[in-house]
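Descriptive analysis of the structure
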Amino acid sequence: MLAKPTVAAIIVAAGRGRRAGGDVPKQWQQIAGKTVLEQTLARFQTHPRVDEIVLVVAREDLGWVETMGLESQATIAIGGSDRVASVLSGLVSTQADHVLIHDAARCCCPAEVIDRVLDALDHHLGAAPALPVTDALWTGAADLVTGVQDRAGLFAAQTPQGFHRDAIVKAHRANDQPAADDVEIARRAGLDVAIVQGDAGNLKITTPEDFARAAKQLETPLDIRTGNGFDVHRFGDGDHVMLCGVKVPHARGLQGHSDADVGMHTVTDAIYGALCRGDIGQHFPPSDPQWKGAESHIFLAHACALAREMGFEITHMDCTLICEFPKIGPVAHPMRARMADVMGLDIDRVSVKATTSERLGFTGRGEGIAALATVTLIKGTTA
Ligand code: CTP
Ligand code: MG
């Protein structure tokens, strides 16, 4: 079997962005919490079929590269006075079999477009995304329509434009004229270029209005959630209890399948609740012997990891332990510290407090400990 071809993404970011305006070139401007370039890089860094990234920047922009720590994320090449020169500089900086030449200014490129280009390279020396033109086309001069143009067979070109590297390097070396993109250069050299389906969302930031259009696609709507948890464990024999990850000496122990840390369990359940992902018993069934005697931080860490996987940031946790004894006040701080550690949170966002139930009910009679928790999870930004 032939080895899988290696793939390099060449991101051209050496332009001055004159039409987009702003104090700095468009690729260094902010969009949805990052620079345009970082948004674009993320599209390729997270794509499983891209092995290497070459970033082409203007020499005068090397300061940005350093401030943003981009050398560790990409091979850096220096761009030229036009796009063609910048692409060639990127092309000679990689040995990959296939290259995806992409405008830094297209920061919303969907993974499926990248996939379609790469798939087509199995059968063609070049492939590029495009959309059939749907608007009527005119020619015009001095604000007057001077004629109409048939749109049949016309396509609006996008990037990434993919090529077998040797073929496109040869085409660039043979080229001595300006070109709008690499398909134009490939065609001049006689290469066949397959058209794959582009995406309306794969827009290029060109004018100031394009920032808002692109931001709309990149920003996730604000999603704030609260989850609550409740748990009870019964006292049995023992000489300590585990509460919020801290071993507290006590004349009795708490009974349970795991270490019976009622505080950690209730916080874990609150997180699953906020995520609408069931409860602790579904993720760690008591019937499963592997969780017998398990330390409860395993459960809590799992819930926190799931929250992050789903794109949520945990911003706050508040846990109330209900018991007459042991006294929680003296150990509340180490409990907060331990919970903060397991949850990856700042201690200022973690609260552990306690109340008695005035000697009423099962907690009042000292038959067990109950715990309540509320957590707050956030993802997205306000548009
Ligand atoms: N580009 C480049 N080197 C150049 C010119 C352009 O790497 N000498 C890159 C741009 O950074 C951009 C892409 O090519 O990501 C597409 O070009 P364009 O949208 O025209 O960007 P700019 O040239 O920066 O913008 P303008 O033409 O408005 O000045
Ligand atoms: Mg330009």
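Numbers given for residues are sequential positions, taken from 1 along each chain in its written order. Chains carry letters and ligands carry numbers; both start at the beginning, A for chains and 1 for ligands, and go up in the order they are written. Since the coordinates come from a predicted model, pLDDT governs what is reported: local features require at least 70, and pairs of side-chain atoms require 80 or more to be given and counted, while whole-chain, interface and lining totals use all residues. Water and hydrogen atoms were dropped before computing side-chain values, which therefore reflect all heavy atoms in the structure.

**A short note on the overall build of the protein**
Threshold: Numbering of helices and strands runs from the N terminus; a helix is a DSSP stretch of H or I covering at least four residues, while a strand is a stretch of E covering at least two. Here the radius of gyration uses the C-alpha set of atoms, whereas the globule reference equals 2.2 Å times the residue count to the power 0.38. When a residue's accessible area, from a 1.4 Å probe over protein chains only, is under 20% of the maximum for its type it is buried; when over 50% it is exposed; and in between it is partly exposed. In this analysis, two residues are considered to be in contact whenever any of their non-hydrogen atoms come within 4.5 Å of each other. Residue-level accessible areas treat just the shown protein chains as cover; the underlying method is Shrake-Rupley with a 1.4 Å probe. A positive count includes Lys and Arg, and a negative count includes Asp and Glu. His and the chain ends are not counted in either. A single reference atom marks each charge: NZ on Lys, CZ on Arg, CG on Asp, CD on Glu.
What the protein contains, in helices and strands, is 12 helices and 19 strands. Here the protein has a C-alpha radius of gyration of 29 Å; the compact-globule value for 383 residues is 21 Å, and the former is much larger. Overall, the protein is about 90 × 55 × 40 Å in size when its C-alpha atoms are taken along their principal axes. Looking at the 383 residues of the protein, the share that counts as buried comes to 46%. Once local pairs closer than 6 in sequence are excluded, the contacts in the protein between residues at least 24 apart make up 70%. For the protein, the computed accessible surface area is about 19,300 Å², with 52% contributed by carbon and sulfur atoms. Averaging the positions of the 36 positive and the 47 negative side-chain charges in the protein gives two centres separated by 1 Å.

**With respect to the packing of aromatic side chains**
What counts, and what does not: Aromatic pairing here means that ring centres of Phe, Tyr or Trp (its six-membered ring) are within 6.5 Å. Orientation follows from the plane angle: under 30 degrees is stacked, over 60 is edge-to-face, and everything else is tilted. In this scheme, Lys NZ or Arg CZ marks a charge over a ring once it lies within 6 Å of the ring centre and within 35 degrees of the ring normal.
Under the criterion given, the structure shown has 4 aromatic pairs. Measuring from centroid to centroid gives 4.8 Å for Phe 284 and Trp 291, while their planes differ by 85 degrees, and the two rings are edge-to-face. Each member of the pair, Phe 284 as well as Trp 291, is classed as buried. Every member of this aromatic cluster is reached through a ring pair, and the members are Phe 284, Trp 291 and Phe 299. Its guanidinium or amino end placed over the ring of Phe 325, Lys 327 lies 5.0 Å from that ring's centre, counting from NZ or CZ.

**Comments concerning the pattern of salt bridges**
For clarity, the cut-off: Every case where a carboxyl oxygen of Asp or Glu lies within 4 Å of a side-chain nitrogen of Lys or Arg is listed as a salt bridge.
Within the structure shown, the criterion is met by 14 salt bridges. For the salt bridge of Arg 83 with Asp 103, the shortest nitrogen-to-oxygen distance reads 2.9 Å. Of this pair, Arg 83 sits in helix H3 (residues 83-91) while Asp 103 sits in strand S6 (residues 98-103), and the two are 20 residues apart along the sequence. Given the relative accessible area of 11%, Asp 103 is considered buried. A salt bridge links Arg 83 to Asp 182, with the nearest nitrogen and oxygen atoms 2.9 Å apart. A residue pair is termed long-range when its members are at least 10 positions apart, and Arg 83 in helix H3 and Asp 182 in helix H6 (residues 182-188) qualify at 99 residues.

**Brief notes about the site of ligand 1**
Selection criterion: Any residue with a non-hydrogen atom lying within 4 Å of a molecule or strand is treated as near it. Polar contact is the term for a pair of N or O atoms within 3.5 Å; when the atoms are in protein, one must be able to donate a hydrogen and the other to accept it, and sequence-neighboring residues count only if both atoms are side-chain atoms.
Ala 14, Gly 17, Arg 18, Ser 86 and Lys 204 are the nearest of the 18 residues found near ligand 1. Within the backbone of Asp 82, a nitrogen or oxygen atom sits 3.3 Å from a nitrogen atom of ligand 1. Measuring from an oxygen atom of ligand 1, one finds a backbone N or O atom of Ala 105 at 3.4 Å. For ligand 1, whose free accessible area comes to 560 Å², the fraction covered by protein is 86%.

**Regarding the nonpolar core**
Condition: To form a nonpolar core, buried Ala, Val, Leu, Ile, Met, Phe, Trp, Tyr and Cys residues must be joined to one another through side-chain atoms within 4.5 Å.
Counting 48 residues, the largest nonpolar core has Val 267, Ile 271 and Met 335 as its most contacted members. At the level of elements, strand S14 (240-243), strand S15 (246-249), helix H8 (262-275), helix H10 (297-309), strand S17 (313-322), helix H11 (332-343), strand S18 (350-355) and strand S19 (368-379) are the ones that each hand at least two residues to this core. Looking at this core element by element, the count peaks at 8 residues for H8. Once residues lying within four places of it in the same chain are set aside, the contact partners of Met 335 are Leu 243, Cys 244, Val 246, Val 248, Leu 321, Ile 328 and Val 352. In this structure, Ala 9, Ala 13, Phe 44 and Ala 194 belong to the second largest nonpolar core, which totals 28 residues.

**Thoughts on the environment of Arg 225**
Within the secondary structure, Arg 225 is located in strand S13 (residues 223-236). Arg 225 sits in the partly exposed class, given a relative accessible area of 25%. In sequence terms Arg 225 and Val 24 are 201 residues apart; their C-alpha atoms lie 37 Å from each other. Contact partners of Arg 225, with chain neighbours within four places excluded, come to Ala 274, Leu 275, Cys 276, Phe 312, Val 375, Thr 376 and Leu 377. A distance of 3.1 Å separates a polar atom in the side chain of Arg 225 from the backbone oxygen of Ala 274.

**With respect to the packing of H3 against helix H5 (residues 165-174)**
What counts here: Comment: axis = line fitted to C-alpha atoms, over the contacting stretch for helices; angle = value between 0 and 180 degrees taken between N-to-C directions. Should an angle fall under 35 degrees it is called roughly parallel, over 145 degrees roughly antiparallel, and 65 to 115 degrees roughly perpendicular, with every other angle called oblique. A crossing counts as left-handed when the near helix is turned anticlockwise from the far one by less than a right angle, and as right-handed when that turn is clockwise. Polar here means any residue other than Ala, Val, Leu, Ile, Met, Phe, Trp, Tyr, Cys and Pro, which are nonpolar, and Asp, Glu, Lys and Arg, which are charged; Gly is therefore polar.
As a packed pair, H3 and H5 sit with axes 11 Å apart at the nearest point and diverge in direction by 140 degrees. Put simply, H3 runs oblique to H5. Like other packed secondary-structure pairs, H3 and H5 cross with a definite hand, here left-handed. Across the interface between the two elements, Val 84, Val 87, Leu 88 and Leu 91 from H3 touch Arg 165, Ile 168, Val 169, His 172 and Arg 173 from H5. Grouping the amino acids of the contact of H3 with H5 by side-chain chemistry returns 6 nonpolar, 1 polar and 2 charged.

**Focus on the sheet that holds strand S16 (residues 253-254)**
Definition in use: Between any two strands, pairing holds if DSSP finds at least two bridges.
Pairing is mixed across the open sheet formed by 5 strands, whose spatial order is S16-S13-S19-S17-S18. What marks the edges here is a single partner per strand, and that holds for S16 and S18. Both S17 and S18 contribute to a ladder of 6 bridges, which runs parallel. Across the sheet, Cys 319 pairs through a bridge with Val 352, a residue of S18. Seen against the sheet, H8 touches S13, S16, S17 and S19 and runs at an angle of roughly 150 degrees to S13. Of the strands in this sheet, S17 and S18 touch H11, which is tilted by about 140 degrees from S18.

Note that all results are geometric; they support no functional claim without further evidence.
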